[in-house]
Amino acid sequence: MCLLALFFRAVDDAAVVAGANREEYYQRGGEPPRLLDGAVRSVAGVDPVAGGTWFGVNARGVLVAVTNRAKSETPARPRSRGLLVREMLECPSAAAAVERAVRALEQNEYAGGNFLCADAERAVVLHAGDWLRVRPLPPGLHVLTNRDINDAGDFRVQHALSWLGRRHYSTAKECVQELRQLCAQHLPEHPPMCFHEKERGTVSSSIVALRGSLTDSIYLHAQGPPDRTPYADCSSLLHDLIHDHN
């Protein structure tokens, strides 16, 4: 399970502000964000096992992320969902990324997953479990784990929605500050946003704020659970993206 929170067109200075905690087996971990080549270059962490990613931003300002989702029957040898995320990051827009994902997911080659695509124009979640549902998101705050977006029966989702929704936001910086605090919450004070189990738990955390230009945007990453690991500023990677794109 992973946790993903999105502010979509909720503040004037950034259309997309998102934070994600990655939960995985410790031995699998994940490499920190770096520049990735492709039809459209991107910045994303890399899964050392399959080579895919779980959260990234491309040179066109498209954010793509994935969380797990239950599925009754999975293929005998499912393709990595993270590889599909990398392919989606090669698309020039969120709309194009959704189209590419729908074509791929209809082939039933993947285990269950929730895929989020967002840019300045639109935000969409694809729920790919026992059936495929494409859900456009209205402007506002949204939270996703391994069930439906803003699921009323998921106590982590409801806590995150309540906690993040307790105040009015004027700037992306304010959203980022609140996401940093939320992502670092752990037991016993709150429903756990960070997990520390024996073999698996929260292995990293990423927060982005996508402004009109990537040179003004923010990418923070904690290479470890954010309640114990400080966020590093990786925004210069976004700046490199826009320079390459130009």
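In this report, we go over the structure that sits alongside the text. Quick caveat: nothing in here was measured; it's all calculated off a predicted structure.

### Quick look at the sheet that holds strand β12 (residues 218–222)
Strand-to-strand pairing in sheets goes through backbone hydrogen bonds, with the strands running parallel or antiparallel.
Here comes step 1: Pairing in this open sheet of 6 strands is antiparallel, and the strands run β10-β1-β2-β11-β12-β13 from one edge to the other. Either end of the sheet is taken by a strand with one partner, and the two such strands are β10 (140–144) and β13 (232–233).
Here comes step 2: Taken strand by strand, helix α3 (residues 155–164) contacts β1 (3–11), β2 (14–25) and β10, and its axis lies near 155 degrees from that of β10.
Here comes step 3: In the packing of helix α4 (residues 172–183) onto the sheet, the strands contacted are β1, β2, β11 (200–210) and β12, and the crossing angle to β2 comes to about 15 degrees.

### A short note on the pairing of β10
Here comes step 1: Here β10 lies mainly inside the structure; 4 of its 5 residues are buried.
Here comes step 2: With 5 bridges joining them, β1 and β10 adopt antiparallel strand pairing. When the bridges of β10 are listed, Leu4 appears paired with Leu144.

### Some details on the sheet that holds strand β5 (residues 55–58)
Here comes step 1: Spatial ordering of the open sheet is given by β3-β4-β5-β6-β7-β8-β9, a layout of 7 strands whose pairing is antiparallel. The sheet is open, and its two borders are formed by β3 (31–36) and β9 (132–136), each paired with just one other strand. Between one strand axis and the next, the sheet turns by 20 degrees as a mean value, whatever way the strands run.
Here comes step 2: As judged from the 6 bridges shared by strand β6 (residues 63–68) and strand β7 (residues 113–118), these two strands associate in the antiparallel manner. Within β7, the residue paired with Asn68 across the bridge is Gly113.
Here comes step 3: Sitting on the sheet, helix α2 (residues 94–105) is in contact with β7, β8 (123–128) and β9, with an inclination near 10 degrees to β8.

### Some details on the packing of aromatic side chains
Here comes step 1: This model, assessed by the stated rule, comprises 2 aromatic pairs.
Here comes step 2: Ring geometry for Phe7 against Tyr169: centres 4.9 Å apart, planes inclined by 65 degrees, an arrangement best described as edge-to-face. Residue Phe7 is found in strand β1, and its partner Tyr169 is found in the loop between α3 and α4; the two are separated by 162 residues along the sequence. Assigned by exposure class, Phe7 and Tyr169 land together as buried.
Here comes step 3: Measuring from centroid to centroid gives 6.3 Å for Phe55 and Tyr219, while their planes differ by 90 degrees, and the two rings are edge-to-face.

### A look at the pairing of β5
Here comes step 1: Judged by which residues are buried, β5 turns out to be covered on both faces: Phe55 and Val57 on one side and Gly56 and Asn58 on the other are all buried.
Here comes step 2: In the sheet, strand β4 (residues 42–46) pairs with β5 via 3 bridges, with the strands oriented antiparallel. Across the sheet, the residue bridging to Val43 is Val57, located in β5.
Here comes step 3: Relative to β6, β5 is paired through 3 bridges, and the arrangement is antiparallel. In the sheet register, Gly56 faces β6, and the bridge partner there is Val64.
Here comes step 4: Here β5 folds back onto β6 in antiparallel fashion, the turn holding 4 residues, of which Gly61 has a positive phi close to 80 degrees.

### What about the side chain of Ser42?
Here comes step 1: Mapped onto the secondary structure, Ser42 falls in strand β4.
Here comes step 2: Exposure remark for Ser42: the relative accessible area of 4% places this residue in the buried category.
Here comes step 3: Setting aside residues up to four positions removed in sequence, Ser42 forms contacts with Arg34, Leu35, Leu36, Val57, Asn58, Leu89 and Leu241.

### Some points on the side chain of Asp154
Here comes step 1: Relative to the assigned elements, Asp154 resides in the loop between β10 and α3.
Here comes step 2: At 4.6 Å, Arg147 is the nearest oppositely charged side chain to Asp154, a buried residue that forms no salt bridge.
Here comes step 3: A distance of 2.5 Å separates a polar atom in the side chain of Asp154 from a polar atom in the side chain of Thr145.

### Focus: the packing of α3 against α4
Here comes step 1: Close contact between α3 and α4 brings their axes to 11 Å; oriented N to C, the two are set at 145 degrees. In terms of crossing hand, the pair formed by α3 and α4 is right-handed. For the pair formed by α3 and α4, the contact residues are His159, Ala160, Trp163 and Leu164 on the first element and Glu178, Leu179, Gln181 and Leu182 on the second.

How each quantity is defined
Residues numbered from 1 in each chain as written. Predicted model: local features only at pLDDT ≥ 70, side-chain atom pairs only at ≥ 80, totals over all residues. Heavy atoms only, no water. Pairing = 2+ DSSP bridges. Helix = DSSP H or I, 4+ residues; strand = E, 2+ residues; numbered from the N terminus. Contact = heavy atoms within 4.5 Å. Axes fitted to C-alpha atoms, helices over the stretch in contact; angles between N-to-C directions. Buried < 20%, exposed > 50% of the residue type's maximum accessible area, 1.4 Å probe, protein only. Phe/Tyr/Trp six-rings, centres within 6.5 Å; stacked < 30°, edge-to-face > 60°. Lys, Arg positive; Asp, Glu negative; His and termini not counted. Salt bridge = Lys/Arg side-chain N within 4 Å of Asp/Glu carboxyl O. Polar contact = N/O pair within 3.5 Å; in protein donor to acceptor, adjacent residues only side chain to side chain. Left-handed = near helix turned anticlockwise from the far one by under 90°.

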